[in-house]
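One-letter residues, chain by chain:
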Amino acid sequence: MILIGRSSWVLPRQWKLWSLPRTALTYVLAIDLIAVTITTLAVRSTLSGPHSGVRHSEWVAFGVLAVASTLHLEFARGIERRRELAANTSPHTNLKCLWIFAALLLLPLSLVVPLVVLAYTYSWFRVYGRTVAHRKVFSTATYVLASAAAAAVLRAGGLLDAPRVPTGFWSLLVVMAAAATWWLVNYALVIGAILLSTPDATAREALGELSDQIVVCAGLGLGVAIAAVQSSYPWVVPVLMVTVLALHRDLLLPQYQRAAGIDDKTGLATSSYWASAVPAELARADTLRSTVGLLMLDLDRFKEINDTYGHPAGDEALRAAGEAIRAEVRNGDLVARVGGDELAVLLPGAFEAEVLEIAERIRERLVTLTVSVSTTDGGTATLDGVPASFGAAVYPAVASTMDQLILAADDALLRAKRSGRNQIVVARPNHSEDLQPDEAAEQTVSD
């Protein structure tokens, strides 16, 4: 058994933030500090201005936008999770901007900032899962700076009072200039961080795809429309939610199609998607100076189930095992079917202790899993437990390439099966540069 604490707290001196190159670290901390300063000044301005305080109508608009943006994130989180996993050395685009820009046209900056923080906090827990904290804090800061710059353009253009929606040619030009400023500031800040933190990245890689930036522009345009509707016909906003969700899927269709590799029998990721996700995640780990955990596992009784009850029963057991595994991993982890009864779990940002903890949770759940399966004679049978053997490896501790990482985990899995099954074996870093089967030293954790 593995007895490892489940706390996710990390001591400040162990934060991945400190592993950034010095110039990138200075840049990120400076942007974060500027965002905090802007927030403080915005709150002070709201409290001490000629019309001090927040009006009741603004609180109502804030509540509507907060609920709408949260529902949007929740309903689109499946797409966004897959897109986040595939993100690497280019800006990760999303449609949060539509709610933020709508808020800029309806609310004081002191209420726009909490909406940004709410969106990223909710995404942390429900969409992206556990990820590198400083990266999401920096993304929040870029949204704050972009919003402040856009608000300055609106004020300079004479749109001082909400709602700042276009009512004529001049106000349309001002709002368009504010939207362009919002996009440019956010885009430039993100590219700067990518180039500084990844010296090997080319400018072309950092700029990303033009189609992704069209998504952001579309989001800003939708923000203007939502602000206009909210200011005049607030009860129409829920109807627009359907349009927003449909456009979210269609605008991100190319990325969604690449991410939609789902195995029909288990609902897990397919081996082809897995093959593309692993190198992308390793590249992102290099960018963030992070780690990647990998679990390979085989069901110990799978052949016996197929021989005794038939292949449909084996499929049902495999599906139940996949659901059990997904229930024990973290948000953002990827569970895939890579062979007949061979499954794999990709654990971004996980160190060895956390990989072993997750593996032990999965092992215990599978041992106690009760599955009702169909038999070849038309009846049903109950399986008391679907145990599995596990091989674990962590990048870059035991491998420097994708092939070496998978080989290390596979070799550890083979050791687990040879040692009596229903065990977890973790590959050790010995000979990680020149790894061959059975050459790595492993640590066996049995039941």
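Residues numbered from 1 in each chain as written. Predicted model: local features only at pLDDT ≥ 70, side-chain atom pairs only at ≥ 80, totals over all residues. Heavy atoms only, no water.

**Structural notes on the overall build of the protein chain**
Across its full length, the protein chain holds 16 helices and eight strands. The 447 residues of the protein chain split such that 52% are buried. Across the protein chain, the fraction of contacts at a sequence separation of at least 24, relative to all contacts at a separation of at least 6, is 73%. As displayed, the protein chain offers around 20,300 Å² of accessible surface, 61% of which is attributable to carbon and sulfur atoms. (Helix = DSSP H or I, 4+ residues; strand = E, 2+ residues; numbered from the N terminus. Buried < 20%, exposed > 50% of the residue type's maximum accessible area, 1.4 Å probe, protein only. Contact = heavy atoms within 4.5 Å. Areas by Shrake-Rupley, 256 points an atom, 1.4 Å probe, with all protein chains shown as cover.)

**Side note on the pattern of salt bridges**
Under the defined criterion, the tally for this structure stands at 13 salt bridges. Residue Arg365 is joined to Glu328 by a salt bridge in which the shortest nitrogen-to-oxygen separation is 2.9 Å. Remark: Glu328 occurs in helix α14 (residues 311-328) and Arg365 occurs in helix α15 (residues 352-367); sequence separation between them is 37 residues. When its relative accessible area of 15% is taken as the criterion, Glu328 is described as buried. Because the salt bridges share partners, they merge into one network encompassing Asp298, Asp300, Lys417 and Arg421. (Salt bridge = Lys/Arg side-chain N within 4 Å of Asp/Glu carboxyl O.)

**Examining the nonpolar core**
One finds Leu65, Trp99, Phe101, Leu104, Leu107, Val112 and Trp182 to be the most contacted residues of the largest nonpolar core, which totals 60 residues. For this core, the secondary structure elements donating two or more residues are α1 (22-48), α2 (56-75), α4 (96-106), α5 (109-127), α6 (133-156), α7 (169-197), α9 (210-232) and α10 (237-251). (Core = buried A, V, L, I, M, F, W, Y, C linked by side-chain atoms within 4.5 Å.)

**Section: the UniProt feature "transmembrane region" (unreviewed entry) in the protein chain**
Within this structure's numbering, the places UniProt gives as "transmembrane region" (unreviewed entry) are residues 24-47, 99-125, 137-157, 169-198 and 210-229. With 95% helix and 0% strand, the stretch residues 137-157 has end C-alpha atoms that lie 31 Å from each other. With 97% helix and 0% strand, the stretch residues 169-198 has end C-alpha atoms that lie 43 Å from each other. (UniProt positions renumbered as here; feature names shortened; annotations may be inferred.)

**A few points about unusual backbone geometry**
The bulk of non-glycine residues show a negative phi, and the bulk of peptide bonds are trans. Geometrically, the link from Tyr395 to Pro396 is a cis peptide bond, its omega value of 5 degrees lying close to zero. Position of Pro396 among the secondary structure elements: in the loop between β6 (388-395) and α16 (402-418). One non-glycine residue, Arg421, adopts positive backbone phi at about 70 degrees. Along the chain, Arg421 falls in the loop between α16 and β7 (424-427). With relative accessibility at 37%, the residue Arg421 sits in the partly exposed group. One non-glycine residue with positive phi stands out, namely Asn422, at about 50 degrees. With respect to the helices and strands, Asn422 occurs in the loop between α16 and β7.

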